[in-house]
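Report on the structure
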Amino acid sequence: MNDKYIPLYRKYRPQKLDELIGQEHIKNALTNAIELNKISHAYLFTGPRGTGKTSTARIFAKSLNCKNGPTISPCGVCESCMDIANSVPIDVIEIDAASNRKVEDTQNILEKILYAPVYGRYKIYIIDEVHMLSNTAFNSLLKTLEEPPENVIFILATTEVHKVLDTIKSRCQRFDFRRITIDSMVKHLRYIADNEKINISDDALVTIAKNSAGGMRDSIALLDQVSILSGKDAISSDDINRLLGRISFDVLNKLADYILTSDPQGALEMLENIYNSGNEPVQIFSNLLDYLKNLLIVKNCNRDIAYELVGLNEIQVKALQLQCEKVETLQIMSLLDKCAEYIKEIKLTNNPRLWLEVGIIDLANLTENTKLEDIQRRLQQLEASNDNAISAHIVPKLYNNIAEKQEIPTKQNSDNDTVVKPAAVNNDKLPKAPANSQDIRQDSAESSQPHAPSGENVVEEFAPMPKSQSVDKSNDISELWATLLSKVSSLPTKSLLKQWANPVELSSDKVVITISSGNLLKQFTEGNKRKILSDAVMEVFNHSNLLVRLPQPNDKVLRDSAVLEKPKEVLPVKSVEKPKTEIYTEEEIIEAKEAADLEKNHSGEEFSMHSDTVNMVKDLFDGKFLD
């Protein structure tokens with residue numbers, strides 16, 4: 001054979017802008033630039049591999065340097081066009097930045113820039129994989145790239161544009177190449193197969209396109225590889241899968257059937273045949289992952305969109321639709337997550353066969369444990385039982401307790417039964433009814449106990465709502481104030497509150513406290529004492545709506561400006577024990593000293609008592625109380 005074989009991806013490389021596949025936006029932009037004579041000095045072509053970056057750069061160089069140009073249809077026979085087609089570096093120089101990434105290589109380029117072009121109008125430098133240049137090489141290129149000679153054009157191509165310096169990108173016109181769609185690739189592959197007389201089915205071309213990751217060059221190279229299988233029978237998708245080491249759709253369909261029907265034994269037998277065919281564990285799970293992805297798409301999309309997204313024929317899509325009836329979306333998502341986890345495990349282990357079998361058994365049992373209808377049924381039963389319990393016990397007792405707390409007047413019926421008048425309930429103070437309050441009231445009426453016999457008074461015991469911390473005290477503000485003071489964790493803070501604070505309002509909605517000292521007020525509004533008092537309010541009243549302010553004329557003053565807790569009954573002392581020495585923190589000592597200073601500065605005011613901590617500080621600093 002005298003003629004040298006040319007690979008198909010080189011033989012069918014586009015030679016004009018009109019021959020570009022799937023890059024219409026770039027084709028139109030460069031065509032207009034040539035026709036309007038708006039040629040920039042630097043271009044940046046970026047996009048995935050095999051999408052036409054280098055081919056477009058060569059076509060653009062031909063269009064500019066053709067003897068008939070600048071033109072969008074270079075002749076291809078002039079010296080400039082022939083040199084570019086044969087990669088002769090005269091006026092168009094192609095540089096691989098991966099192997100010429102040093103600053104010395106860049107300086108060699110810059111030294112030759114000053115030479116005029118030989119045949120064409122421009123000297124064009126095509127730098128492929130420009131992101132591989134070092135930072136020093138980029139910096140040496142910056143000045144020339146910004147202000148090159150009039151007849152010099154740079155075309156930079158890269159697959160990783162994020163690695164290119166921003167100072168370089170800002171000096172170039174950027175064009176982003178897109179991945180080529182499956183339909184565009186299949187049409188072009190069919191054109192090549194017909195010209196090369198390759199007997200291949202359309203399904204096989206779709207399989208080739210789907211395994212090319214959007215790159216035209218990869219798909220043509222794969223078509224060239226499978227062309228040797230061409231014979232009387234057309235090349236099928238199974239032939240492509242065997243060549244690529246992929247599992248066929250029919251095999252995956254059977255394996256998925258065993259998994260979705262929770263048949264671990266059948267799944268393991270199928271797995272044994274797949275593994276013995278030469279498929280690696282990671283590859284098996286990857287193929288199964290892709291199959292489940294298609295199943296998820298068919299399950300959740302309509303027919304037309306599903307055909308477009310999965311890229312399968314009608315028979316295969318129908319097989320997926322039949323399986324969709326056996327499984328729910330939640331189950332498919334669980335299977336996908338499990339596949340991804342086992343792929344990670346297999347890549348890290350030294351026994352991939354073990355994890356392969358364990359994973360398939362896990363998948364085959366997963367659907368049985370995640371049936372959504374069973375989970376929903378159990379949740380509905382639990383919710384129904386909880387709702388009945390709340391309606392029958394908690395809600396009636398809550399409303400009865402609120403009525404009792406408001407001292408609602410009662411009347412005696414003819415049978416001397418104590419009856420609460422519902423009309424007397426103050427609705428403003430009742431808790432807001434939930435969204436299904438009507439159902440709750442109805443359930444409570446149905447589940448309530450029957451009336452007691454005539455002549456008996458019914459006393460219903462109150463069961464509080466869970467997690468509530470309402471105050472179980474009388475409405476006497478002095479007792480509430482004593483309860484609040486008992487919950488204050490800091491002894492000095494408690495002492496200051498007893499001496500200077502006056503409760504104005506203590507309720508389940510709001511707490512208002514006045515402090516007559518301006519310096520002390522600031523500590524309870526902005527200082528650390530605010531947090532201590534807020535915690536006590538939250539513990540007692542179950543809210544943090546706290547207001548501390550100066551006294552106002554209409555405020556009611558609590559007697560003696562302080563309330564003490566009721567003293568306990570004093571028992572006779574049998575023996576005298578030595579009192580224990582209390583240990584105070586530095587913060588408590590400082591607060592106590594502040595309290596002592598405040599007492600000293602307001603000696604003309606009458607105090608009801610001094611705390612033990614204040615007395616301790618007085619003794620510590622050898623002080624005294626001034627009357």
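On a predicted model such as this, the values are computed, not experimentally measured, just so you know.

Attention now moves to the overall build of the protein. Per the secondary structure count, the protein includes 26 helices and 10 strands. Scored against the burial criterion, the 627 residues of the protein give a buried share of 39%. Taking the contacts inside the protein whose residues are at least 6 apart along the sequence as the reference set, 74% of them involve residues at least 24 apart. Only carbon and sulfur atoms are counted for the fraction: they give 50% of the accessible area of the protein, which is about 37,200 Å².

Below, the discussion takes up the nonpolar core. If you look at the biggest cluster of nonpolar residues, it comprises 40 residues, and the most contacted ones within it are Phe-285, Leu-288, Leu-295 and Leu-363. Elements with a contribution of two residues or more to this core: helix H12 (249-260), helix H13 (264-276), helix H14 (281-300), helix H15 (303-310), helix H16 (314-324), helix H17 (329-348) and helix H18 (352-369). The dominant element in this core, judged by the number of residues it contributes, is H14, at nine residues. Non-local contacts of Phe-285, meaning those with residues more than four positions away in its chain, are made with Cys-339, Tyr-342, Ile-343, Ile-346, Trp-355, Leu-356, Gly-359, Ile-360 and Leu-363.

All buried positions along helix H10 (residues 216-226) are accounted for by Met-216, Ser-219, Ile-220, Leu-222, Leu-223, Asp-224 and Val-226. Here the buried face of H10 lies against helix H1 (8-11), helix H8 (182-195), helix H9 (202-210) and helix H11 (237-244).

This brings us to the pattern of salt bridges. According to the stated counting rule, one finds 21 salt bridges in the structure shown. Ionic pairing is found between Arg-190 and Asp-194, a salt bridge with its closest N-O pair at 3.5 Å. Here Arg-190 pairs with Asp-194, and both are found in helix H8, just four residues apart, close to one helical turn. Among the residues examined, Arg-190 registers a relative accessible area of 22% and is labelled partly exposed. Between Asp-290 and Lys-293 there is a salt bridge, with its nearest N and O atoms 3.5 Å apart. With Asp-290 and Lys-293 both in helix H14 and three residues apart, the pair spans about one turn of that helix.

Our next topic: the sheet that holds strand E2 (residues 92-96). Pairing in this open sheet of five strands is parallel, and the strands run E2-E3-E4-E1-E5 from one edge to the other. Across the chains shown, the open sheet's two edge strands, defined by having one partner strand only, are E2 and strand E5 (173-176). With direction set aside, neighbouring strand axes in the sheet form an average angle of 15 degrees. Pairing analysis gives five bridges linking E2 to strand E3 (residues 123-128), with the strands arranged parallel. In the sheet register, Val-92 faces E3, and the bridge partner there is Ile-124.

With that settled, consider the sheet that holds strand E9 (residues 511-515). Pairing is mixed in the open sheet, where three strands are placed in the order E8-E9-E10. Edge strands, defined here as strands with exactly one partner in the open sheet, are strand E8 (501-506) and strand E10 (546-549). Sheet twist, expressed as the mean angle between neighbouring strand axes with direction ignored, is 20 degrees. Relative to E10, E9 runs parallel, the two sharing four bridges. Each bridged residue has a counterpart across the sheet, and for Thr-514 the counterpart in E10 is Arg-549. Set on the sheet, helix H22 (residues 491-500) makes contact with E8 and E9; between it and E8 the angle comes to about 85 degrees. In this fold helix H24 (residues 529-541) packs onto E8, E9 and E10, with an angle of close to 135 degrees to the strand it touches most, E10.

Here we take up the environment of Asp-233. Note that Asp-233 resides in the loop between H10 and H11. Taking the C-alpha atoms as reference points, Asp-233 and Ile-200, 33 residues apart in sequence, are found 8.3 Å from one another.

Here strand E1 (residues 42-46) lies mainly inside the structure; five of its five residues are buried. Burial along E1 is two-sided: the face carrying Ala-42, Leu-44 and Thr-46 and the face carrying Tyr-43 and Phe-45 are both buried. As paired strands, E1 and strand E4 (residues 152-158) are joined by five bridges and run parallel to one another. Bridged to Tyr-43 within E4 is Ile-155. Pairing of E1 with E5 involves four bridges; the strand directions are parallel. Looking at E5, one finds that Leu-44 is bridged to Arg-174.

As a further point, take helix H23 (residues 518-525). Residues spaced three or four apart along an α-helix point in a common direction, a consequence of the helix completing one turn every 3.6 residues. Of the positions making up H23, those classed as buried are Leu-520, Leu-521 and Phe-524. Viewed along the axis of H23, the buried residues span an arc of 105 degrees, placing them on a single side of the element. Across H23 from its buried face, at more than 90 degrees, point the exposed residues Asn-519 and Lys-522.

The rules behind the values
Residues numbered from 1 in each chain as written. Predicted model: local features only at pLDDT ≥ 70, side-chain atom pairs only at ≥ 80, totals over all residues. Heavy atoms only, no water. Helix = DSSP H or I, 4+ residues; strand = E, 2+ residues; numbered from the N terminus. Buried < 20%, exposed > 50% of the residue type's maximum accessible area, 1.4 Å probe, protein only. Contact = heavy atoms within 4.5 Å. Areas by Shrake-Rupley, 256 points an atom, 1.4 Å probe, with all protein chains shown as cover. Core = buried A, V, L, I, M, F, W, Y, C linked by side-chain atoms within 4.5 Å. Salt bridge = Lys/Arg side-chain N within 4 Å of Asp/Glu carboxyl O. Pairing = 2+ DSSP bridges. Axes fitted to C-alpha atoms, helices over the stretch in contact; angles between N-to-C directions. Arc of directions from axis to C-beta.

Read these as geometric descriptors, not functional statements.
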